[in-house]
Amino acid sequence: MAGKPTTSSLTSQLSLQKALLTLAAIALVSFTVLSIRSLQNPQQRGFNEIPTDPIQRGGRLGFSGGDSIYHSREVFERGYEEMERGFKVFVYPDGDPKTYYQTPRKLTGKYASEGYFFQNIRESRFVTDDPEAAHLFFVPISCHKMRGKGTSYENMTIIVQNYVEGLARKYPYWNRTLGADHFFVTCHDVGVRAFEGLPYLVKNSIRVVCSPSYNVGFIPHKDVALPQVLQPFALPAGGNDVENRTVLGFWAGHRNSKIRVILARVWENDTELAISNNRINRAIGELVYQKQFYRTKFCICPGGSQVNSARITDSIHYGCVPVILSDYYDLPFNDILNWKKFSLILKENDVYQLKSILKAVTDEQFIALHKGVAEAQKHFQWNSPPVRYDAFHMVMYDLWLRHHVIKY
């Protein structure tokens, strides 16, 4: 009869159906395996494997689950490894190291970050002797060394101007971008002002500074906030010691800014906040100031004569959650680190409600912040030679991020 399927056609249809069902089953199994693998933690997926490539040797970040203290851990890790593979910096060789150039003044004190960078850059893989291969150019003049030799601010400005103008006459690299692919590093308070005699440097060049305040010409998308780290740390790092932290809040220091004066006046006599309008006298006992960080949950970090303060990195090192009490402050590495995961960021006007704000933080929230502080510690530590993910490498990563916007 017309239209009646033959035996052979039925067999073909059944074979086709079986083949389609088999492919569907294979696809379902593959999808299930991939889905389960994507849900595994970073250790199960090899994030903690020790790299065999010498560039990656030292391991990845290796944190379990989520982005933790990072805006995006995956993006950071991927970009960081790309930086290590190819980022190159040319350091101008000009200038006598015995005066203001090339080498650090010292690696101790509250301006140590500047010194460590000058030393670390030469200890790193990033330096190239070929300026044509460089992504950025480092202007190695040290304001810290100038201040150490008693140079006045006025003379510092002249010295900087003469040095940079000399580089521009001798080499073609400054003039081709008006300094946009150049950077300098300074942690001294007057370092930013010392470069004001060169408008193109202020406008175009990347300034890596310890005074990253929006109201003194700091440009966040161009400049880099250098963490101010008092070196060496007097005591080992704290962390994972919540049960020892019985003091609600702590600050002791000089009243050299309006916010510090208000902080001391409002809270100096409070019984739950340990607030003192002077640094703790050493005569009271050995390292009493530093040991107080170990006993405190929240360490208050008000801006001083500048918005920056080494107290922030002190707090992180000793495992105390920093409370940033400073307006117009571009926090170090804030395009990489989510500071809200390991600190409290307040406006200066919040000083009057400080105690109630701190007490409103639940135990669960504090434990999470405390863990975040411990995770962040490695990023605020200087080493010689530098170590992966330490302060030097974080600064280099910030520079690497900025070099992409430069076109010439």
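- Per an unreviewed UniProt entry, the chain goes by Glycosyltransferase and derives from Acorus calamus.
- Note on the chain: under the UniProt heading Sequence similarities (unreviewed entry), the record states "Belongs to the glycosyltransferase 47 family."
- Among the UniProt annotations of the chain, the heading Subcellular location (unreviewed entry) holds the following wording: "Golgi apparatus membrane".

## Describing the confidence of the model for the chain
Here's step 1: For the chain, mean pLDDT is 82; residues scoring 70 or higher make up 78% of the total.
Here's step 2: Within the model, the stretch residues 23–59 combines pLDDT values under 50 with 31 contacts to residues more than four positions away or in other chains.
Here's step 3: Contacts for the low-pLDDT stretch residues 62–66, under 50 throughout, to residues beyond four places or in other chains number 12 contacts.

## Thoughts on the pattern of salt bridges
Here's step 1: All told, the structure shown has 12 salt bridges when counted by the stated rule.
Here's step 2: With its nearest N and O atoms 3.5 Å apart, the salt bridge here joins Glu74 to Arg78. Placement of both Glu74 and Arg78 in helix α2 (residues 73–86) is noted, with a separation of four residues, approximately one turn of the helix.
Here's step 3: For Asp398, the salt bridge goes to Arg402, with nearest N and O atoms at 3.3 Å.

## A few points about helix α12 (residues 363–376)
Each α-helix winds once per 3.6 residues, and so residues spaced three or four apart point in a common direction.
Here's step 1: Compared with the 20 Å implied by 1.5 Å per residue over 14 residues, the 20 Å span of α12 between its first and last C-alpha is a close match.
Here's step 2: Residues Phe366, Leu369, His370, Gly372, Val373 and Ala376 constitute the buried set of α12. Along α12, the residues classed as buried sweep out an arc of 160 degrees about the axis, all on the same side. Counted as exposed and oriented over 90 degrees from the buried face of α12: Asp363, Glu364 and Lys371.
Here's step 3: If you follow the buried residues of α12, they end up packed against β8 (296–302), α10 (310–317), β9 (321–325) and β10 (344–346).

## Points about unusual backbone geometry
Here's step 1: The omega torsion of the bond from Gln231 to Pro232 falls at -5 degrees, within 30 degrees of zero and hence cis.
Here's step 2: Along the chain, Pro232 turns up in the loop between β5 (224–225) and β6 (247–252).
Here's step 3: Backbone torsion omega between Ser384 and Pro385 reads 0 degrees, so that peptide bond is classified as cis.
Here's step 4: Counting through the fold element by element, Pro385 comes out in the loop between α12 and α13 (391–403).
Here's step 5: For Gln102, which is not a glycine, the phi torsion comes out positive at approximately 70 degrees.
Here's step 6: Along the chain, Gln102 turns up in the loop between β1 (89–91) and α3 (112–123).

## Focus: the nonpolar core
Here's step 1: Membership of the largest hydrophobic core comes to 81 residues, with the highest contact counts inside it found for Phe117, Phe183, Phe298, Leu337, Met396 and Leu399.
Here's step 2: Sort the elements by how many residues they give to this core and α13 lands first, with eight residues.
Here's step 3: Apart from the residues within four sequence positions on either side, Phe183 is in contact with Val89, Phe117, Leu136, Phe137, Phe138, Val139, Ile206, Val208 and Leu399.
Here's step 4: Listed in part, the 30 residues of the second largest apolar core include Met146, Met156, Tyr173 and Ala225.

## Some details on the pairing of β6
Here's step 1: Of all six residues making up β6, six are buried, and the element is well covered by its neighbours.
Here's step 2: Examined bridge by bridge, β6 and β8 share three bridges and lie parallel to one another. Its bridge partner lying in β8, Val247 is registered against Thr296.
Here's step 3: In the sheet, β6 pairs with strand β7 (residues 273–276) via four bridges, with the strands oriented parallel. The residue bridging Ala252 from the neighbouring strand is Ser276, located in β7.
Here's step 4: Between β6 and its parallel partner β7, the chain crosses via helix α8 (residues 258–267), and the hand of that crossover is right-handed.

Cut-off values and rules
Residues numbered from 1 in each chain as written. Predicted model: local features only at pLDDT ≥ 70, side-chain atom pairs only at ≥ 80, totals over all residues. Heavy atoms only, no water. UniProt positions renumbered as here; feature names shortened; annotations may be inferred. pLDDT = per-residue confidence, 0-100. Contact = heavy atoms within 4.5 Å. Salt bridge = Lys/Arg side-chain N within 4 Å of Asp/Glu carboxyl O. Helix = DSSP H or I, 4+ residues; strand = E, 2+ residues; numbered from the N terminus. Expected span 1.5 Å × (residues − 1). Buried < 20%, exposed > 50% of the residue type's maximum accessible area, 1.4 Å probe, protein only. Arc of directions from axis to C-beta. Core = buried A, V, L, I, M, F, W, Y, C linked by side-chain atoms within 4.5 Å. Pairing = 2+ DSSP bridges. Right-handed = clockwise from strand over helix to strand, strands pointing away.

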